[in-house]
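# Coordinate inspection notes
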Amino acid sequence: KRVGVLISGSGTNLQSLIDYTRDVSNNSCAEILLVISNKDSVQGLKRAKQAGINTKVINHTEYKSREEFDEAVSLSLEAAGVEIVCLAGFMRILSSDFVKKWHGRLLNIHPSLLPSFKGANAHKLVLESNVRISGCTVHFVAEEVDAGAILIQESVPVYPNDTESTLSERVKKVEHKAFPKALELVASEAVSLKPGGKLEWKHY
Ligand SMILES: Nc1nc2ccc(CNc3ccc(C(=O)NCCCC(=O)O)cc3)cc2c(=O)[nH]1
Ligand SMILES: N[C@@H]1O[C@H](COP(=O)(O)O)[C@@H](O)[C@H]1O
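Source: prediction; values computed, not measured.

Bringing the environment of Leu-17 into the picture now. Residue position: Leu-17 is located in helix 1 (residues 12-22). Placed 10 residues apart in sequence, Leu-17 and Ile-7 show a C-alpha to C-alpha distance of 12 Å. Here Leu-17 is in contact with Val-5, Ile-32, Cys-86, Phe-179, Pro-180 and Leu-183, once residues within four sequence places are set aside.

If you check the shell around ligand 2, you find Ser-10, Gly-11, Thr-12, Asn-13, Gly-89, Ile-109, His-110, Pro-111, Lys-172 and Glu-175 and nothing else. Within the side chain of Lys-172, one N or O atom sits 2.8 Å away from an oxygen atom of ligand 2. Take Glu-175: an N or O atom from its side chain is 3.0 Å from an oxygen atom of ligand 2. For the shell around ligand 2, the secondary structure elements donating two or more residues are helix 1, strand 5 (106-110) and helix 6 (164-187).

Now for the packing of aromatic side chains. Taken as a whole and assessed by the stated rule, the structure comprises 2 aromatic pairs. Taking the centre distance of 6.0 Å and the plane angle of 70° together, the rings of Tyr-63 and Phe-69 count as edge-to-face. The class for Tyr-63 is partly exposed, based on a relative accessible area of 31%. Stacked on the ring of Phe-69, the Lys or Arg Arg-92 has its end atom at 5.8 Å from the ring centre.

Let us look at the nonpolar core. Counting 42 residues, the largest nonpolar core has Val-5 and Leu-151 as the members making the most contacts within it. Looking at this core element by element, the count peaks at 10 residues for helix 6. When residues no more than four places from it in sequence are discounted, the contact partners of Val-5 are Leu-14, Leu-17, Ile-32, Leu-34, Val-35, Ile-36, Cys-86 and Ala-88. Core analysis: the next-biggest nonpolar cluster, separate from the first, contains 18 residues, Leu-6, Ile-36, Val-82 and Val-141 among them.

Within strand 2 (residues 31-37), 6 of the 7 residues are buried, leaving the element largely enclosed by the surrounding structure. Sheet topology places strand 1 (residues 2-7) next to strand 2; 6 bridges connect them, and they run parallel. Looking across to strand 2, one finds that Val-3 is bridged to Ile-32. Remark: the strand 1/helix 1/strand 2 crossover connection has right-handed handedness. Alignment of strand 2 against strand 3 (residues 54-57), held across 4 bridges, turns out to be parallel.

A few words on helix 3 (residues 66-79). In this model helix 3 runs 20 Å from its N-terminal to its C-terminal C-alpha over 14 residues, within 8% of the 20 Å that 1.5 Å per residue would give. If you check which residues of helix 3 are buried, you get Phe-69, Asp-70, Ala-72, Val-73, Ser-74, Ser-76 and Leu-77. Looking at the buried positions of helix 3, the neighbouring elements they touch are strand 1, strand 2, strand 3, strand 4 (84-87) and helix 4 (96-101). Positive backbone phi, approximately 75°, marks Gly-81, located one or two places after helix 3.

With respect to spatial proximity, 18 residues lie near ligand 1, and among them Arg-66, Ile-93, Leu-94, Ala-142 and Asp-146 are the closest. In this structure, an oxygen atom belonging to ligand 1 sits 2.8 Å away from a side-chain N or O atom of Arg-66. One of the backbone N or O atoms of Glu-143 is found 3.1 Å from a nitrogen atom in ligand 1. Computed on the free molecule, ligand 1 has an accessible area of 630 Å², of which 82% lies beneath the protein chains in the complex.

Attention shifts here to helix 5 (residues 122-129). Along helix 5, the residues classified as buried are Ala-122, His-123 and Val-126. Down the axis of helix 5, the buried side of the element spans an arc of 95°, and every buried residue falls inside it. Elements that come into contact with the buried residues of helix 5 comprise strand 5, strand 6 (133-140) and helix 6. Immediately beyond the C-terminal end of helix 5, within one or two residues, lies Asn-130, with a positive phi of roughly 60°.

Scoring rules and cut-offs
In this convention, every chain numbers its residues from 1, walking through the sequence in written order. Chain letters and ligand numbers both follow the written order, the letters beginning at A and the numbers at 1. In keeping with the predicted nature of the model, local features appear solely for residues at pLDDT of at least 70, side-chain atom pairs appear and are counted solely at 80 or more, and the whole-chain, interface and lining totals rest on all residues. Only hydrogens and water are set aside; all other atoms, that is, all heavy atoms of the structure, feed into the side-chain values. Helix and strand assignments come from DSSP, with helices taken as H or I runs of at least 4 residues and strands as E runs of at least 2, each series counted from the N terminus. Contact between two residues is taken to exist if any of their heavy atoms lie within 4.5 Å; hydrogens are not considered. Residues are classed as near a molecule or strand on a simple rule: at least one heavy atom within 4 Å of it. Two N or O atoms count as a polar contact when they lie within 3.5 Å, although within protein this holds only if one can serve as hydrogen donor and the other as acceptor, and sequence-adjacent residues are included solely when both atoms are side-chain atoms. Working definition: a ring pair exists when centres of Phe, Tyr or Trp rings (six-membered ring for Trp) sit within 6.5 Å. Plane angles under 30 degrees give stacked, over 60 give edge-to-face, the rest tilted. In this scheme, a residue with accessible area under 20% of its type's maximum is buried, one over 50% is exposed, and one in between is partly exposed, where area comes from a 1.4 Å probe on protein chains only. Charge over a ring is defined by NZ of Lys or CZ of Arg lying within 6 Å of the ring centre and within 35 degrees of the ring normal. In this description, a nonpolar core means a group of buried Ala, Val, Leu, Ile, Met, Phe, Trp, Tyr and Cys residues linked to one another through side-chain atoms lying within 4.5 Å. Two strands pair under a simple rule: DSSP has to find at least two bridges between them. Seen with its strands pointing away from the viewer, a crossover is right-handed if its path from the first strand over the helix to the second goes clockwise. In a helix, the anticipated span is given by 1.5 Å times the number of residues less one. To measure how exposed things are, a 1.4 Å probe is used in the Shrake-Rupley method; for residues, cover is taken only from the protein chains shown. Note that the arc is computed from the directions linking the helix axis to the C-beta atoms.

Right, dumping it as structure tokens:
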């Protein structure tokens, strides 16, 4: 399956997807063809270039509306023949037209155990709530932010003296395992998203 990855920053999740899909011992059904960033000169773009993967910067500030930005992103993905889109630290909310067009083929990784701690500052909310376990969630993207069907979750302990950076570092380690697994499930068609928004697991 042809995969496109949308990023906005460092791209460590992108790197884990590149490494996993290129490790022949994984017999991956996925191949990353295109990396799109809404921000220029982020480390994720360097990672893609080093891997010889096509990159494109589509700057949202150059578009009059969210829908027009999303349309430009979608057209680039389609032009490359992308079949599955992964949001890897992509920090723009996507319009419902985009989500509808890519329904069931659009994955996101969130740095908390959804449905707890939705939004752009999950680690901060986790620390403020004094929970003792956190982790990451890979889910299909739905119109409602961070509310799509959950594919994979991995947990980590939260320590009393944790900061956002010590927690995010611990969570990222399990993100880098969870995201490739989730992508493989979808790329191999072991799991799919039914129109009603529920998952259909074929090989379990
Ligand atoms: N419709 C839909 N689109 C998404 C886009 C990105 C992410 C990644 N997680 C994200 C979750 C929250 C945000 C957020 O609130 N950013 C500040 C506002 C930025 C902006 O104005 O766009 C961004 C990404 C998830 C979703 C999702 O679940 N559904
Ligand atoms: N969506 C969240 O944003 C961060 C992106 O990190 P990176 O993949 O750019 O290193 C990750 O923690 C991910 O869960």
